Amino acid sequence: MTASGEWRQRAVADETAAFVALLDGADLSAPVPGCPGWTLLDLVRHTGGVQRWFCVLLRQGVQEPPRTRDVELRLPERLDAYPAWLAAGGEEAARTFGGIDPDAPMWVWGADPHARFWVRRMLYETLVHRTDAEAALGLPSVIDPATAADGVDEFLVNLPFATPFAPGVARLRGAGEVIRFRATDTGHDWYVQLRADGFGLIAAGAHKRVHQGVHQGAHQGVHQGAHKAAHEGAHASIRAPAADLLLLLYGRLDRAADAFAVAGDQRLLTHWFDSSAF
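Residues numbered from 1 in each chain as written. Predicted model: local features only at pLDDT ≥ 70, side-chain atom pairs only at ≥ 80, totals over all residues. Heavy atoms only, no water.

Trainee: Help me understand the overall build of the protein, please; the structure alone is not making it clear to me.
Mentor: Helix and strand content of the protein: nine helices and five strands. Along its sequence from the N terminus, the protein presents helices and strands in the succession α-α-α-α-α-β-β-β-α-α-β-α-β-α. For the protein, buried positions account for 49% of its 278 residues. Sequence separation of 24 or more characterises 63% of the internal contacts of the protein that already satisfy a separation of 6 or more. For the protein, the accessible surface area stands at approximately 13,100 Å², while carbon and sulfur atoms represent 52% of it. (Helix = DSSP H or I, 4+ residues; strand = E, 2+ residues; numbered from the N terminus. Buried < 20%, exposed > 50% of the residue type's maximum accessible area, 1.4 Å probe, protein only. Contact = heavy atoms within 4.5 Å. Areas by Shrake-Rupley, 256 points an atom, 1.4 Å probe, with all protein chains shown as cover.)

Below, the structure written as structure tokens:
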């Protein structure tokens, strides 16, 4: 792995270990607030299953969309064996990562058509579900800010490609409106522009080209709170620590919570969150 990829490999191992530790003596029938209708057992099976499937894709270096997601899961017969089963999935991931070239071209559903896509995707699949398990058990979640910022970036970069399993994303269209996400603890900014043909991140500094139009709209009173957003170079903005932004984007937190400073066009933000469920 490259240096940048190695930290994500270690983070997958760390997140899996943290998830496994939560299961010691836990009630696997506990409901998971972030995944309505799931129990903690469902969450464990899903996370371990996804890790194993990603490992199959990486080992095979697939070049086209797989026709099936079936993979040998070897599910335990006893509930008390699930922590070891989940840990074994993390160990399989570590072995798989050690045998791949992260720069190798391969099929992905997202923006980066290389093996490293799946390592990064596995990290945030595991991390978010670790926090889901903590919520199910009534425990607080802590996420490293730099890791959370990378997760926000991973989410926003890949979201435009997610329509096959998140059909609402196809509704994210607009007339050039820009939403700013600001991580207050790491200093990272992401500007997403909605266009008639789709949406996506715009390069740093590009948001300034829409500033004049937003500022004019503010003086015309077009949107409640638009004046404040105009000074941030966007039609709407959300500011929060990176970890809170990450969980907000994944639908685990509500933007009305105290963690978030929200400004600008609320209808635009409602459109975003109603359509971007992952």
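That covers the picture; the talk isn't over yet.
Trainee: Explain helix α3 (residues 82-98) here, please?
Mentor: Helical periodicity: at 3.6 residues per turn, an α-helix aligns residues three or four positions apart in one direction. A rise of 1.5 Å per residue sets the reference length of α3, with its 17 residues, at 24 Å; its end C-alpha atoms lie 25 Å apart and thus fit the reference within 8%. Burial in α3 covers these residues: Y82, W85, L86, G89, G90, E92, A93, T96 and F97. Seen along its axis, α3 keeps its buried residues to an arc of 155 degrees; they face one direction. For α3, exposure combined with an orientation more than 90 degrees from the buried face picks out A84, R95 and G98. (Expected span 1.5 Å × (residues − 1). Arc of directions from axis to C-beta.)

Trainee: In this structure, what is going on with the packing of aromatic side chains? I would like to understand it.
Mentor: The geometry of two aromatic rings is summed up by the distance between their centres and the angle between their planes. Scanning the entire structure with this criterion turns up 11 aromatic pairs. A centroid spacing of 5.8 Å and a plane angle of 45 degrees characterise the contact between W53 and F54, whose relative ring orientation is tilted. When sorted by exposure, W53 lands in the same class as F54, which is buried. Geometrically, the ring pair formed by F199 and W272 is edge-to-face, given 5.8 Å between the ring centres and 90 degrees between the ring planes. Of this pair, F199 sits in strand β3 (residues 198-201) while W272 is found in helix α9 (residues 266-275), placing the two residues 73 residues apart along the sequence. The exposure classification of F199 matches that of W272, with both residues buried. A network of ring pairs unites the aromatic residues W53, F54, W107, W109, F117, W118 and F165 as a single cluster. Sitting over the face of the ring of W85, R52 holds its NZ or CZ atom 4.1 Å from the ring centroid. (Phe/Tyr/Trp six-rings, centres within 6.5 Å; stacked < 30°, edge-to-face > 60°. Lys NZ or Arg CZ within 6 Å of the ring centre and 35° of its normal.)

Trainee: So what exactly am I meant to see when it comes to the environment of E15 here?
Mentor: Relative to the helices and strands, E15 resides in helix α1 (residues 3-22). Given a relative accessible area of 11%, E15 falls into the buried group. Remark: the alpha-carbon pair of E15 and L127, spanning 112 residues in sequence, is separated by 5.7 Å. A distance of 2.8 Å separates a polar atom in the side chain of E15 from a polar atom in the side chain of R130. (Polar contact = N/O pair within 3.5 Å; in protein donor to acceptor, adjacent residues only side chain to side chain.)

Trainee: Any chance you could explain the sheet that holds strand β1 (residues 177-183) here in plain terms?
Mentor: Where strands meet in a sheet, backbone hydrogen bonds hold them as pairs that are either parallel or antiparallel. On the basis of which strands lie adjacent, the open sheet formed by five strands has the order β3-β2-β1-β4-β5 and mixed pairing. With one partner strand each, in any of the chains shown, β3 and β5 (261-264) form the two edges of the open sheet. Pairwise comparison of adjacent strand axes, ignoring direction, gives a mean angle of 15 degrees for this sheet. Alignment of β1 against strand β4 (residues 236-240), held across five bridges, turns out to be parallel. In the strand pairing of β4, R182 is matched with R239. Sheet strands in contact with α9 are β1, β2 (189-195), β3, β4 and β5, and its direction is about 80 degrees off that of β1. (Pairing = 2+ DSSP bridges. Axes fitted to C-alpha atoms, helices over the stretch in contact; angles between N-to-C directions.)

Trainee: For this particular structure, what's the right way to read the confidence of the model for the protein?
Mentor: For the protein, the mean per-residue pLDDT works out to 91, and 88% of the residues sit at or above 70. Note on residues 210-231: pLDDT under 50 across the span, and 33 contacts to partners over four residues away in sequence or across chains. (pLDDT = per-residue confidence, 0-100.)

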